[in-house]
Amino acid sequence: MDGGTRRTTVRTARGVAAVGVAALLASAGLTACTASPPGPQDAAQALATALQGGDLADVTLDGATPQQARQQREEAFEQVVDAFGKDALTVTLVSAQEHEDDDAVADAVLRWTWRAGGRAPGGEPTGDADEPDAATTPAGPAGPDGDAVAGAARDWTYETTARLQRDDQDVWHTTWAPALLAPDLAADEQIVVTREAPERADVLGAGDEVLVEARDVYRIGIDKTFLPADEAGAAARGLAAALDLDADAYAARVESAGERAFVEAIVVRADDGYYDVSALRELPGVNAVADSIPLAPTRTFARPILGTVGAATAEIIEKSDGAVQAGDLTGLSGLQRQHEQQLRGTPGLRIEARAVEGSPREGEVRALFTVPPVPGEPLRTTLDSLVQQSAESILADVGPASAIVAIRPSTGEVIAAASGPGGGGMSTATLGQYAPGSTFKVVSALALLRAGMTPDSELTCADGVTVDGRRFDNFPDYPADALGEVPLRTAFAHSCNTAFIGARDEAPQDAVVDAAGSLGLLPAQSLGFASFLGAVPSESDGTDHAATMIGQGRVLASPLGMAVVAASVAAGRTVTPVLVVDGATGAAGGSGSADDADTAADATHDEATSGDEESGSASEEPRPHVDLTADEGAALRALMRGVVTEGGAGFLEDVAGPDVLAKTGTAQFGPVDALKNHVWMIAVQGDLAVAVFVDEGEYGSTTAGPLLTRFLTSPPVVALER
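The shown structure was predicted, so the numbers you read here are calculated from the model rather than taken from an experiment.

**Q** Please explain the overall build of the protein chain as it appears in this structure.
**A** In terms of helices and strands, the protein chain carries 23 helices and 27 strands. A fraction of 71% describes how many contacts in the protein chain between residues 6 or more apart in sequence connect residues 24 or more apart.

As structure tokens, this is what we get:
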């Protein structure tokens, strides 16, 4: 035995010897103390500490050197450490018990705990809380492919037994064996960790209709095993030409890939008639691999809002701290990215002891630990698929950036938020920032009403008005019979700029900011999805305040924000829009997880725009909210109805269903010698509020108006309960 001869003391003989010694001492009239040999506890505790940290240099071993034992430990736990994290392991001593018949032999029971997410024994994640990403690091062990398996219930805990023997120098030796590391682990076995991917959850719409689910696709590309290596480049160029792709770029990718690689060129829906997959397969080297990925009903359906799912990017992988690995499908943008953790679920984990290749037991497998995958949780939204598709089809041929947003005033539910193709993929509907023009006169009118005016209060509508040297005019075709001294209702119906500017002293900037907030234009409001409602400068005077009264200058709003204004008027209270619904509580917003909060910024990156105007000193400190009252709502509804019965939206008077209330809007932008117009319309019909926006057009009534009419008369909208 290494380190000296084992000293064995039999308990019965020890008792007899003790009597003899006592008698001898007594007869000599002496007293003395005999030191007992050390017990195994200290050596067993040192072993537990060494096994946890991996440094066995101070442990006396039989059967292996400390260096050999350390290497075996590292090799055995390589995949386990990848799965749980390097600081996840705790090894504690349960007991160290000498044998009844031999106190020089002991068994030490060790409890091994691999804690999910590398949590410390107290349950908190390990690591520095001051690190910027500490709060957003997903909890749970990451599988060998990197994904997270969360929760204390997923800790891997087991016990092993170490045999200790004491030598004649009273030193305890540990007999090294692989079974020290994992239950019954043999020398010809290795520990293998496998991740089981969870099922990604669907995105649901109104009434829990499935919007995004796994749909069949074909991954079309060049399979380099299909043809000689020297023909791969030509084949790539042929496929690129058929798909209208950059031939040189794709050929370079194919030629640089491995000799047996499949290099994807495009992914197409299985039911997409635009691509003839059979014909593409006939091209040299082309393969079409069947697959399924989460997709919406159509390629364009609410794409800027819902986002897309695809192969994880390098940036996402790096930010995930091991939760996502190369090749994983993950949310790349929009709600799919923002609510990635909720949708992707939690992967399963299977830890096995497998006989190594070439051993007599090759192929044998023992399960050591199994955690089933947990499917993702569906993300519920309020979008009505038919209404959304109707809005998108109406905008399909509009060249400039455009949007249609529809809200139920009674609930705040956003049932459509469509962005036209002219926005280049941006969510113009929810993130666009533009001067709202005369649709903002709903806000200015509320400020005037709160100043004591009524719809019958007289205002002066002149041909033009000059403020601090700047002249403001009405729109070119303003009706002459609506000039002069006119009631507020007439100035509102015909959108008289000069009347509202002339009344600016009755509505100081603070009053306008309060009115905007009462109608839902709250710049700092968090809605659980990437959004912008509006911003009104908190300090403004002179020409800037004059411009504010007619929705220009530094005033900004999104189509969503102006739809909220219309919805608040309809409801007679401040409406908060709801697009994402928390399934657990039915409340607006997301899951509230740290992961979701972390990815919200990623989801909106590069999507927001500042529009053509600068918000400047838009309110940084929100003023106390002032609720919209029922009486104020009624007065504003009367003013908006007058736009249809008396003003510029008479084309809506014959729309079937409840009376339509509306407001037109045009906002000039660009250089003075080349001014262009943002054009708007907002409307209310029963329990439906709508905003229509086109980035460049003639007037609200002539450009946005026909789009609004088509929307209100489309079958899906007509079928709504209003």
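Additional details are given in the paragraphs that follow.
**Q** Would you take a moment to explain helix α12 (residues 385-395) for this structure?
**A** An α-helical turn contains 3.6 residues, so a residue and the one three or four places further along point in the same direction. With respect to burial, α12 is a largely interior element, eight of its 11 residues being buried. Of the positions making up α12, those classed as buried are Ser385, Val387, Gln388, Ser390, Ala391, Glu392, Ile394 and Leu395. The elements touched by buried residues of α12 are β8 (210-223), β16 (402-407), β17 (414-419), α22 (700-712) and α23 (715-718). Backbone nitrogen of Leu386 and a side-chain oxygen of the N-cap are separated by 3.1 Å at the start of α12; the cap is Asp384.

**Q** Is there a simple way to think about the packing of aromatic side chains in this case?
**A** Given two aromatic rings, their pairing is described by the distance between the two centres and the angle made by the two planes. Tallying each qualifying case throughout the model produces 11 aromatic pairs. Seen from their ring centres, Phe475 and Tyr478 are 5.7 Å apart, and the 70° between their planes marks the pair as edge-to-face. Among the residues examined, Tyr478 registers a relative accessible area of 11% and is labelled buried. Over the ring of Phe492 we find Lys663, and its NZ or CZ is 5.5 Å from the ring centre.

**Q** Got a minute to help me understand the nonpolar core in this structure?
**A** For soluble globular proteins, the rule of thumb is that nonpolar side chains tend to be buried together. If you look at the biggest cluster of nonpolar residues, it comprises 118 residues, and the most contacted ones within it are Leu636, Leu652 and Phe711. Ranked by residue count, the leading element in this core is helix α19 (residues 559-571), at eight residues. In this view, Phe711 contacts Val387, Ala391, Ile394, Ile404, Ala406, Val690 and Val717; residues no more than four positions away in its chain are not counted. Judged by nonpolar contacts, the second largest core, of 42 residues, contains Leu110, Trp172, Val193 and Leu368.

**Q** What am I meant to see in helix α21 (residues 630-645) here?
**A** Taking 1.5 Å per residue, 16 residues should reach 22 Å; α21 reaches 22 Å between its end C-alpha atoms and fits that length. Turning to α21, its buried residues are Glu632, Gly633, Ala635, Leu636, Leu639, Met640, Arg641, Gly642, Val643 and Val644. Packing partners of the buried residues in α21 comprise α14 (441-450), α15 (488-494), α19, β25 (660-669) and β26 (676-685).

**Q** What should I look at first to understand the pattern of salt bridges in this one?
**A** Side-chain pairs of opposite charge can arise whenever the charged atoms involved come near each other. The final tally for this structure, using the stated rule, is 28 salt bridges. A salt bridge links Arg115 to Asp155, with the nearest nitrogen and oxygen atoms 3.9 Å apart. Here Arg115, found in the loop between β3 (102-114) and β4 (156-166), pairs with Asp155, found in the loop between β3 and β4; they are 40 residues apart in sequence, far enough to count as distant. The exposure classification of Arg115 matches that of Asp155, with both residues buried. Here Arg215 makes a salt bridge to Glu213, at a shortest N to O gap of 3.6 Å. Overlapping salt bridges bring together Asp188, Glu189, Arg361, Glu364 and Arg366 as one network.

**Q** Please clarify how the sheet that holds strand β1 (residues 61-62) should be interpreted in this entry.
**A** Paired through their backbone hydrogen bonds, the strands of a sheet run either parallel or antiparallel. Taking strand neighbours across the sheet as the criterion, the five strands line up as β1-β5-β4-β3-β2 in an open arrangement whose pairing is mixed. The open sheet has two edge strands with one neighbour each: β1 and β2 (89-99). Relative to strand β5 (residues 172-175), β4 runs antiparallel, the two being bridged by three bridges. Looking at β5, one finds that Leu164 is bridged to Thr174. Sitting on the sheet, helix α2 (residues 41-53) touches β2, β3, β4 and β5, and the angle it makes with β2 is about 155°.

**Q** Teacher, can you tell me more about the state of the cysteines here?
**A** Note on terminology: disulfide describes a covalent bond linking the sulfur atoms of two cysteines. Under the criterion given, the structure shown has one disulfide. The disulfide bridge from Cys461 ends at Cys496, spanning 2.0 Å between sulfur atoms. Residues Cys461 and Cys496 share a disulfide whose torsion about the S-S bond is about 105°; that sign makes it right-handed. Of this pair, Cys461 sits in strand β18 (residues 458-461) while Cys496 sits in the loop between α15 and α16 (497-502), placing them 35 residues apart in sequence.

**Q** Teacher, can you tell me more about the environment of Val626 here?
**A** With respect to the element layout, Val626 can be found in the loop between α20 (594-604) and α21. The partly exposed category is assigned to Val626, whose relative accessible area is 34%. Counting along the chain gives 52 residues from Val626 to Thr574, while the straight-line C-alpha distance between them is 9.0 Å. Ignoring any residue separated from it by four or fewer positions in sequence, one finds Val626 in contact with Arg450, Asp514, Ser518 and Thr574.

Cut-offs applied
- Residues numbered from 1 in each chain as written.
- Predicted model: local features only at pLDDT ≥ 70, side-chain atom pairs only at ≥ 80, totals over all residues.
- Heavy atoms only, no water.
- Helix = DSSP H or I, 4+ residues; strand = E, 2+ residues; numbered from the N terminus.
- Contact = heavy atoms within 4.5 Å.
- Buried < 20%, exposed > 50% of the residue type's maximum accessible area, 1.4 Å probe, protein only.
- Polar contact = N/O pair within 3.5 Å; in protein donor to acceptor, adjacent residues only side chain to side chain.
- Phe/Tyr/Trp six-rings, centres within 6.5 Å; stacked < 30°, edge-to-face > 60°.
- Lys NZ or Arg CZ within 6 Å of the ring centre and 35° of its normal.
- Core = buried A, V, L, I, M, F, W, Y, C linked by side-chain atoms within 4.5 Å.
- Expected span 1.5 Å × (residues − 1).
- Salt bridge = Lys/Arg side-chain N within 4 Å of Asp/Glu carboxyl O.
- Pairing = 2+ DSSP bridges.
- Axes fitted to C-alpha atoms, helices over the stretch in contact; angles between N-to-C directions.
- Disulfide = S-S within 2.5 Å.

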